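Now for the letters of each chain:
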Amino acid sequence: MTDPRNPSTPIADSPAGRAGGADRVELMQTFVRIVEAGSLSAAAALLGTTQPTVSRRLQMLERSLGLRLLQRSTHRMKLTEDGERCFARAKELVMSWEAFEADLRGTGNDPEGTLRVLAPHAFGQEMMIGPLADFLERYTGMKVHWFLQDREPDFIAEGIDCAIHVGELRDPSNVAILLTDVPRIVVASPALLAGRPVPTHPEALASLPWLSLTTFYRNEITLTHEQTHETARLTFDPRMSTDNLYALRSAAIRGLGVGVCSAWLMAEDVAQGRLIQLLPQWRSSALPMYLIYPYAKIYPARLLRFIEAMRAAIPAVIDAEQRKIR
């Protein structure tokens, strides 16, 4: 029989295998090759096997269907009425099967189908639309369902294919590809600092009102000096707490308090003077950004191509924003 991954590669006939559904596809492949080639011997040459083997496969297919597909004589071969109907459907089936295998094994050049992706709310709304648009323009047969939530999904229960996740991971059974690290900076508005001395050490921040981003810090945070590696641990009673980066950014611009936030989100505000980066040499630990998905033996081409695209695009996107405040 033929290897379904490569119909031209012969493999041994197996009585155990002949009863399987996969073998039906292989027999259909042989039948299509016979009709297209015009003879059993020509089909055997195309499949890299012998004429008796091709004849045996045809007989097996006819027995399994309970139909006569070909009328054969010494010098002539003709499709029966059932054979004509079978050939049309078999050719469609074989083509679909080969495309299906190529997609599942990631060998297709143009993956098709729908990808369900969970992305962080702020990052997925602002920074990833460009890379996503590039991906969809390149693979025109693809569709993406784009969900924005700041959490790690239950892939199976929610039917999610993959997720972009910032921060530590909960489920070690998932595959996790580190895309980049997301630096965090300390910011405040000029209005908040008006009439106050500019802080030169983290201890000076304790007297200021604070904003809390509950997904990453609530009432304490540790800052590290980039050169000396000195650490300073701050505790505070936040004036406002939120689980949304945009809300934290807006509150910081309005002067409600000091906030620690992903540098990429604040970079433009710092560059335009809407916010001031406090203690530039002191940083909260960078957050890892992963692309995560459930483990499987075979991955569809649409997922593999998306992973390739994000691994190439996301580090460059983050780096471009970082340059604004370096």
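Residues numbered from 1 in each chain as written. Predicted model: local features only at pLDDT ≥ 70, side-chain atom pairs only at ≥ 80, totals over all residues. Heavy atoms only, no water.

The name given to the protein chain in an unreviewed UniProt entry is HTH-type transcriptional regulator DmlR, with Pandoraea morbifera as the source organism. Regarding the protein chain, the UniProt comment filed under Sequence similarities (unreviewed entry) reads as follows: "Belongs to the LysR transcriptional regulatory family." (UniProt positions renumbered as here; feature names shortened; annotations may be inferred.)

**Student:** What should I look at first to understand the overall build of the protein chain in this one?
**Tutor:** Assigned secondary structure in the protein chain consists of eleven helices and 15 strands. By the burial criterion, 45% of the 326 residues in the protein chain qualify as buried. In the structure as shown, the protein chain presents an accessible area of about 16800 Å², 50% of it carried by carbon and sulfur atoms. (Helix = DSSP H or I, 4+ residues; strand = E, 2+ residues; numbered from the N terminus. Buried < 20%, exposed > 50% of the residue type's maximum accessible area, 1.4 Å probe, protein only. Areas by Shrake-Rupley, 256 points an atom, 1.4 Å probe, with all protein chains shown as cover.)

**Student:** What is the right way to look at the layout of surface pockets in this model?
**Tutor:** A water-sized probe rolled over the atoms picks out the places where empty space is left. In this structure, the largest pocket encloses a volume near 290 Å³. As for the largest pocket, its lining consists of 24 residues, of which Pro120, Asp150, Val166, Thr215 and Phe216 are closest to the centre. For the lining of the largest pocket, the secondary-structure elements that each account for two or more residues are helix H5 (121-126), strand E7 (162-166) and strand E15 (282-293). The element that contributes the greatest number of residues to the lining of the largest pocket is E7, accounting for three residues. Residues belonging to the lining of the largest pocket are distributed by class as follows: twelve nonpolar, six polar and six charged. Here the lining of the largest pocket gathers at least three residues from each of two domains, domain 2 (113-180 + 288-323) and domain 3 (182-286). (1 Å grid on protein atoms, 1.4 Å probe; cavity = no way out; pocket = protein on both sides within 12 Å on 5 of 7 lines; lining within 4 Å. Points joined across faces, edges and corners; volume = space filled by probe spheres on them. Nonpolar A, V, L, I, M, F, W, Y, C, P; charged D, E, K, R; others polar. Domains from an automatic or database assignment.)

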